[in-house]
Amino acid sequence: MEAFEANISGAAELEKVLRQLPGKINEDVQVRSLKKGAQIVAKQARQNAPRDRGDLAKSVTVRKTAKRLRYKDGLGLVIVTVRRPQGAHAHLVEFGTGPRERKDGRSTGQMPAQPFFRPAIDAKAAEALSVIGLQFGYEIERAAERLAGNFKNSGLASRRRR
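In what follows, the accompanying structure is described.

**Notes on the overall build of the protein chain**
Turning to step 1, where the next piece is worked out: Counting secondary structure elements, the protein chain contains five helices and four strands.
Turning to step 2, where the next piece is worked out: Scanning the protein chain from its N terminus toward the C terminus, one meets helices and strands in the order α-α-α-β-β-α-β-β-α.
Turning to step 3, where the next piece is worked out: Burial analysis of the protein chain (162 residues in total) assigns 29% to the buried set.
Turning to step 4, where the next piece is worked out: Sequence-distant contacts, at least 24 apart, represent 56% of the contacts inside the protein chain between residues at least 6 apart.
Turning to step 5, where the next piece is worked out: Of the roughly 11,800 Å² that the protein chain leaves accessible, carbon and sulfur atoms contribute 52%.

Okay, structure coming up:
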């Protein structure tokens with residue numbers, strides 16, 4: 001499956017600002033911002049998912065990835081995925097299957113592809129990126145206000161240098 005890439009203007013400036021935030025706050029800002037945009041894609045994927053019992057659509061979710069699954073450069077903090085066991089067959093629905101046979105030789109048939117994830121990404125990527133950008137601005141402002149408040153309340157701000 002091909003990865004989705006986008007060039008974002010102002011990314012270098014954003015990275016510079018994020019590097020100035022303490023580690024945990026930096027990660028929290030990124031996760032909250034990325035989740036906000038990922039929810040847009042997830043909602044579209046739920047709407048696109050074929051409905052037999054509705055389990056597949058209900059299983060589409062946004063979550064923070066485990067640290068061991070993240071890329072070295074910090075990418076991959078948030079993913080749109082399916083919960084198991086309800087969504088365990090999502091890849092079969094998305095890409096379809098060829099003819100299949102059991103060990104005893106009986107055919108189980110084949111399933112045509114019913115893409116729902118990729119069309120959701122294609123349809124909502126621009127909107128999601130826009131929301132992510134706005135959310136980053138909001139989250140960075142909130143983090144800065146919290147940090148400034150913590151500093152002000154610490155008593156260090158009122159001490160004079162000699």
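That was the structure; now back to the text.
**Concerning the environment of threonine 65**
Turning to step 1, where the next piece is worked out: For threonine 65, the location among the structural elements is in the loop between strand 1 (60-64) and strand 2 (78-82).
Turning to step 2, where the next piece is worked out: For threonine 65, a relative accessible area of 7% puts it in the buried group.
Turning to step 3, where the next piece is worked out: When the C-alpha positions of threonine 65 and valine 80 are compared, they lie 9.7 Å apart, and in sequence the two are 15 residues distant.

**Remarks on the environment of valine 93**
Turning to step 1, where the next piece is worked out: Secondary-structure assignment places valine 93 in helix 4 (residues 90-95).
Turning to step 2, where the next piece is worked out: Residue classification places valine 93 among the buried positions, given a relative accessible area of 5%.
Turning to step 3, where the next piece is worked out: A C-alpha to C-alpha distance of 9.3 Å links valine 93 and leucine 56, two positions 37 residues apart in sequence.
Turning to step 4, where the next piece is worked out: The residues touching valine 93, leaving out its near neighbours within four places in the chain, are Pro50, Leu56, Met111, Pro112, Ala113, Gln114, Pro115 and Phe116.

**A word on the nonpolar core**
Turning to step 1, where the next piece is worked out: Residues Ala45, Leu56, Val60, Val78, Val82, Phe116 and Phe117 are the most contacted members of the largest nonpolar core, which totals 20 residues.
Turning to step 2, where the next piece is worked out: At the level of secondary structure, the elements contributing two or more residues to this core comprise helix 2 (23-48), helix 3 (55-59), strand 1, strand 2, helix 4 and helix 5 (117-153).
Turning to step 3, where the next piece is worked out: Top contributing element to this core by residue count: helix 2, with five residues.
Turning to step 4, where the next piece is worked out: Setting aside anything within four residues of it in sequence, one finds valine 78 in contact with Val31, Leu34, Lys35, Ala38, Val62, Arg63, Lys64 and Thr65.
Turning to step 5, where the next piece is worked out: If you look at the next biggest cluster of nonpolar residues, it comprises seven residues, including Leu18, Leu21, Val29 and Ala143.

**A few points about the layout of surface pockets**
Turning to step 1, where the next piece is worked out: Of the volumes computed, that of the second largest pocket is approximately 240 Å³.
Turning to step 2, where the next piece is worked out: The wall of the second largest pocket is formed by Pro50, Asp52, Arg53, Gly54, Asp55, Leu56, His89, Leu92, Val93, Arg100, Met111 and Gln114.
Turning to step 3, where the next piece is worked out: At the level of elements, helix 3 and helix 4 are the ones that each hand at least two residues to the lining of the second largest pocket.
Turning to step 4, where the next piece is worked out: Taken together, the residues of the lining of the second largest pocket break down into five nonpolar, three polar and four charged.

**Digging into unusual backbone geometry**
Generally, phi is negative for residues other than glycine and the peptide bonds are trans, each holding for most cases.
Turning to step 1, where the next piece is worked out: The residue after arginine 84, namely proline 85, is reached through a cis peptide bond having omega 5°.
Turning to step 2, where the next piece is worked out: Tracing the sequence through the fold places proline 85 in the loop between strand 2 and helix 4.

**A closer look at the pattern of salt bridges**
Turning to step 1, where the next piece is worked out: Using the criterion set out here, one finds seven salt bridges in the structure.
Turning to step 2, where the next piece is worked out: Of the charged contacts in the structure, one is a salt bridge between glutamate 27 and lysine 64, with a shortest N-O distance of 2.8 Å. In this pair, glutamate 27 sits in helix 2 while lysine 64 sits in strand 1, placing the two residues 37 residues apart along the sequence.
Turning to step 3, where the next piece is worked out: With relative accessibility at 17%, the residue glutamate 27 sits in the buried group.

Definitions and limits used
- Residues numbered from 1 in each chain as written.
- Predicted model: local features only at pLDDT ≥ 70, side-chain atom pairs only at ≥ 80, totals over all residues.
- Heavy atoms only, no water.
- Helix = DSSP H or I, 4+ residues; strand = E, 2+ residues; numbered from the N terminus.
- Buried < 20%, exposed > 50% of the residue type's maximum accessible area, 1.4 Å probe, protein only.
- Contact = heavy atoms within 4.5 Å.
- Areas by Shrake-Rupley, 256 points an atom, 1.4 Å probe, with all protein chains shown as cover.
- Core = buried A, V, L, I, M, F, W, Y, C linked by side-chain atoms within 4.5 Å.
- 1 Å grid on protein atoms, 1.4 Å probe; cavity = no way out; pocket = protein on both sides within 12 Å on 5 of 7 lines; lining within 4 Å.
- Points joined across faces, edges and corners; volume = space filled by probe spheres on them.
- Nonpolar A, V, L, I, M, F, W, Y, C, P; charged D, E, K, R; others polar.
- Salt bridge = Lys/Arg side-chain N within 4 Å of Asp/Glu carboxyl O.

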